[in-house]
Amino acid sequence: MLSFKPWQVYSGSLNLVQLAAVIKYAVLHLSGDTGPMHIAVMTETPSISWFQPTISLDWIPQGDSHKVLFGLNDSFYRNIQGVTPDLIFNEIPNLLHNS
């Protein structure tokens with residue numbers, strides 16, 4: 001793992017314009033299906049996002065600088081189970097290399 005904390009949490013402390021600026025200048029954005037995820041796509045910030053398997057494909061980020069992970073879709077689970085921190089972390093080098 002990393003020897004330093006490479007992230008920052010701004011929960012509730014930024015207005016929408018400030019949030020967009022922070023996301024635009026970030027190296028990477030990690031998020032579920034949220035408004036800030038769409039800001040990352042709009043500002044062309046590389047992103048990894050995770051979705052329930054039932055989401056319409058019309059709403060997922062497109063392009064090489066965005067990686068989308070889907071949860072399990074079986075008879076019992078229809079949520080983001082299966083999207084683990086390790087799965088997300090392992091996608092980071094590939095995504096940053098392609099961006």
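Preceding this section is the structure that the text describes.
Computed from a predicted structure; not experimentally measured.

### A closer look at the environment of Gln 81
Moving on, step 1. Relative to the assigned elements, Gln 81 resides in the loop between β3 (66–70) and α3 (85–98).
Moving on, step 2. When the C-alpha positions of Gln 81 and Gln 52 are compared, they lie 8.5 Å apart, and in sequence the two are 29 residues distant.
Moving on, step 3. Not counting the four nearest positions on each side in its chain, Gln 81 is found in contact with Gly 71 and Leu 72.

### What about the side chain of Ser 47?
Moving on, step 1. Note that Ser 47 resides in strand β2 (residues 47–51).
Moving on, step 2. What makes Ser 47 buried here is its relative accessible area of 0%.

### Brief notes about the pairing of strand β1 (residues 29–32)
Moving on, step 1. Both β1 and β2 contribute to a ladder of 4 bridges, which runs parallel. Opposite Ser 31, over in β2, you have Ser 49 as the bridge partner.
Moving on, step 2. Since β1 and β2 lie parallel, the crossover through helix α2 (residues 35–42) that links them has a hand, and here it is right-handed.

### Quick look at the packing of aromatic side chains
Moving on, step 1. A complete count under the given rule lists 1 aromatic pair for this structure.
Moving on, step 2. Taken together, a centroid distance of 6.2 Å and an interplanar angle of 40° make the contact between Phe 51 and Phe 70 tilted. Of this pair, Phe 51 sits in strand β2 while Phe 70 sits in strand β3, and the two are 19 residues apart along the sequence.
Moving on, step 3. Look at Phe 51 and you get buried, because its relative accessible area is 1%.
Moving on, step 4. Note on Phe 70: relative accessible area 36%, which makes it partly exposed.

### Some remarks on unusual backbone geometry
Moving on, step 1. Here the phi dihedral of Glu 44 falls at roughly 60°; this positive angle occurs in a residue that is not glycine.
Moving on, step 2. Within the fold, Glu 44 resides in the loop between α2 and β2.

Calculation notes
- Residues numbered from 1 in each chain as written.
- Predicted model: local features only at pLDDT ≥ 70, side-chain atom pairs only at ≥ 80, totals over all residues.
- Heavy atoms only, no water.
- Helix = DSSP H or I, 4+ residues; strand = E, 2+ residues; numbered from the N terminus.
- Contact = heavy atoms within 4.5 Å.
- Buried < 20%, exposed > 50% of the residue type's maximum accessible area, 1.4 Å probe, protein only.
- Pairing = 2+ DSSP bridges.
- Right-handed = clockwise from strand over helix to strand, strands pointing away.
- Phe/Tyr/Trp six-rings, centres within 6.5 Å; stacked < 30°, edge-to-face > 60°.

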